[in-house]
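What the coordinates show
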Amino acid sequence: MLIWIGFLVLVAALLALDLGVFNKDAHTISAKEAFRWTGVWVSFSLLFSIFIYFAYENHWVHENGAPYSGQKAVITYLTGYLVEQSLSIDNIFVIAVIFAYFRIPQKYQHRVLFWGIIGAVLFRGIMIVIGAALLHRFSWVTYIFGGILLYTAYRMLRQGSHDEEVEVDKNPLVALAKRFFPVTDRFHDQKFFVKVGGVTAATPLFIALLVVETTDVLFAFDSIPAIFAITTDPFLVFTSNIFAILGLRSLYFVLASMLDKFQYLRYSLVVILAFVGIKMFLVHYIDLPEWLSLAVIALSLAGGILPSLPEVLRQRREEAKNSIREVQTEKAE
């Protein structure tokens, strides 16, 4: 229990530092700042694998004997983390669509994502507990999870990974919120609620938060079965999932504007989902080594990113040059 409590305290401290200290004031996240924070979160995730090694090697998590050696636990943790990060790419695109739909100013987007992440941590924690209990009690649940993943891969291949539409009016949480609170027609800084004529009213920022939260719930039904295809160890499932979620905000500001330029990336996600789905169907018959799962997922991502990278970098350089020209023109005028 101390290990679990310690991890939750660590997550709470990191989130408190993020919003309460480093991002206390609303501001537009620049690409440089987003890259820096992405590096920070990835570094934290990788450094945590050192703790994973000693925790499993010395039986700190499982007092009656860890199911994995320290080395095997680290490979499993990194594989789960990579799976969750790759699946969150689709989530990033949908969040970008939501922000565009509500016309959320860039300087307020971080706040929506921050509280969205907290909701995602709580909900995914509940789903992981339920999923682990089901798999422990009913082994045939693995086939259901595998079927979900294979169907998701098929749907993604047929429709494309970025064809989701944001139907705000059909969102049940949004409809419920409007029953209890009037909604203002404009933003009030980064507030979710304001007093209007003595009545508490929700702002469009709060409605956007509700849509982000419910969207993450839908994506969790794909990502949670995927992580259980890698391991059923609750601590490895939870920690790899949470670290992937914590880095989602900074990754959003890095990738949101250029996701559509990675034209082969959706095929990588199809391969990853299909692989982990098939692995769940074979889990009772074939014991695939952890390093093989890590290699397949890493190669799949590389195969989707690398072919598009030269063109993406070229476009980024052109955008930078155009920005410099615009600044020089304004100064000249």
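Anything mentioned here points back to the structure above.
Definitions and limits used
- Residues numbered from 1 in each chain as written.
- Predicted model: local features only at pLDDT ≥ 70, side-chain atom pairs only at ≥ 80, totals over all residues.
- Heavy atoms only, no water.
- Helix = DSSP H or I, 4+ residues; strand = E, 2+ residues; numbered from the N terminus.
- Buried < 20%, exposed > 50% of the residue type's maximum accessible area, 1.4 Å probe, protein only.
- Contact = heavy atoms within 4.5 Å.
- Areas by Shrake-Rupley, 256 points an atom, 1.4 Å probe, with all protein chains shown as cover.

Topic: the overall build of the chain
If you tally the helices and strands in the chain, you get 12 helices and two strands. Along its sequence from the N terminus, the chain presents helices and strands in the succession α-α-α-α-α-α-β-β-α-α-α-α-α-α. Here the chain, with 333 residues, has 47% of them falling under the buried criterion. Once local pairs closer than 6 in sequence are excluded, the contacts in the chain between residues at least 24 apart make up 79%. As presented, the chain carries roughly 17300 Å² of accessible surface, and 64% of it is formed by carbon and sulfur atoms.

Side note on the environment of Arg186
Locating Arg186 in the fold gives a position in the loop between α6 (172-180) and β1 (193-196). Separated by 18 residues in sequence, Arg186 and Pro204 have C-alpha atoms that sit 6.8 Å apart. Beyond its immediate sequence surroundings of up to four residues, Arg186 is in contact with Thr203 and Pro204.

Things to note about helix α9 (residues 248-255)
The buried fraction of α9 amounts to eight of the eight residues, a majority that puts the element mostly inside the structure. Along α9, the residues that are buried comprise Leu248, Arg249, Ser250, Leu251, Tyr252, Phe253, Val254 and Leu255.

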